Amino acid sequence: SQHLDSDRHLKYIFSYIHLNPVKLIDSKWKENGLRNLKDTFEHLHSYSHSSFLDYSGDNRQEKIILKRSDFPNYFPSKDSFQEEITEWLNYR
């Protein structure tokens, strides 16, 4: 474990965690870039074991275990969350 002592670090970890499922379809995506952004988003939206779905605005029963108020409101809308994730996925 590591203490997250800055907003910048917390926001980075937040994105990092939500992008972990991408490794299941492309283990080298960070090194080589994505092959297909559309397929990646389809995978993220179909992967039920991540709170990515909750921040994307998908309605799922498991969201009741999340207490979003404990996390800073970096992404006030699903669009702002989507933009952040897209930026990370396109980073090279």
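See above for the structure.
For clarity, every value in this text was computed on a predicted model and none was experimentally measured.

K.L.:
What am I meant to see in the packing of aromatic side chains here?
P.N.:
The description of an aromatic ring pair uses the distance of the two centres, along with the angle that the planes make with each other. Applying the stated criterion across every chain, the model contains 9 aromatic pairs. Taken together, Phe14, Phe52, Tyr55, Tyr74, Phe75 and Phe81 form an aromatic cluster joined through their ring pairs.

K.L.:
Looking at this structure, how should I read the pattern of salt bridges?
P.N.:
Pairing between side chains becomes possible if they bear opposite charge and their charged atoms approach one another. Counted by the stated rule, this structure contains 5 salt bridges. Lys38 is the partner of Glu42 in a salt bridge, and the nearest nitrogen-oxygen pair spans 3.1 Å. Of this pair, Glu42 and Lys38 both sit in helix H3 (residues 37–46), 4 residues apart, which is roughly one turn of that helix. Asp54 is the partner of Arg60 in a salt bridge, and the nearest nitrogen-oxygen pair spans 2.9 Å. The pair Arg60 / Asp54 is uniform in exposure class, with both members buried. Among the charged side chains, a network of salt bridges with common partners joins Asp54, Arg60 and Glu62.

K.L.:
I tried to follow the packing of H3 against helix H5 (residues 78–90) on my own but got confused; where do I start?
P.N.:
Working note: a packed helix pair is described by the angle between its axes plus the distance between those axes. The N-to-C vectors of H3 and H5 enclose an angle of 130°; their axes lie 12 Å apart at closest approach. On the basis of their axis angle, the class for H3 and H5 is oblique. Crossing handedness for the pair H3 and H5: right-handed. Of the residues in H5, those in contact with Leu37, Thr40, Phe41, Leu44 and His45 of H3 are Gln82, Ile85, Thr86, Leu89 and Asn90.

K.L.:
Looking at this model, I keep getting lost on the environment of Leu89. Mind explaining?
P.N.:
One can find Leu89 in helix H5. Residue classification places Leu89 among the buried positions, given a relative accessible area of 2%. Taking the C-alpha atoms as reference points, Leu89 and Asp79, 10 residues apart in sequence, are found 15 Å from one another. Each residue touching Leu89, except ones within four places of it in the same chain, is listed here: Leu19, Val22, Trp29, Leu34, Leu37, Thr40, Phe41 and Leu44.

K.L.:
Whenever I open this one, the nonpolar core confuses me. Can you help?
P.N.:
Generally speaking, a soluble globular protein has its nonpolar side chains buried in company with each other. Core analysis: the biggest nonpolar cluster contains 15 residues, and Leu19, Leu44, Phe52, Phe81, Ile85 and Leu89 have the highest contact counts within it. Of all the elements in the fold, those that place two or more residues in this core are helix H1 (7–19), H3, helix H4 (52–55) and H5. In contact with Phe81, not counting residues within four places along its chain, are Phe14, His18, Phe52, Tyr55, Ser56 and Phe75.

Procedures and definitions
Residues numbered from 1 in each chain as written. Predicted model: local features only at pLDDT ≥ 70, side-chain atom pairs only at ≥ 80, totals over all residues. Heavy atoms only, no water. Phe/Tyr/Trp six-rings, centres within 6.5 Å; stacked < 30°, edge-to-face > 60°. Salt bridge = Lys/Arg side-chain N within 4 Å of Asp/Glu carboxyl O. Helix = DSSP H or I, 4+ residues; strand = E, 2+ residues; numbered from the N terminus. Buried < 20%, exposed > 50% of the residue type's maximum accessible area, 1.4 Å probe, protein only. Axes fitted to C-alpha atoms, helices over the stretch in contact; angles between N-to-C directions. Parallel < 35°, antiparallel > 145°, perpendicular 65-115°, else oblique. Left-handed = near helix turned anticlockwise from the far one by under 90°. Contact = heavy atoms within 4.5 Å. Core = buried A, V, L, I, M, F, W, Y, C linked by side-chain atoms within 4.5 Å.

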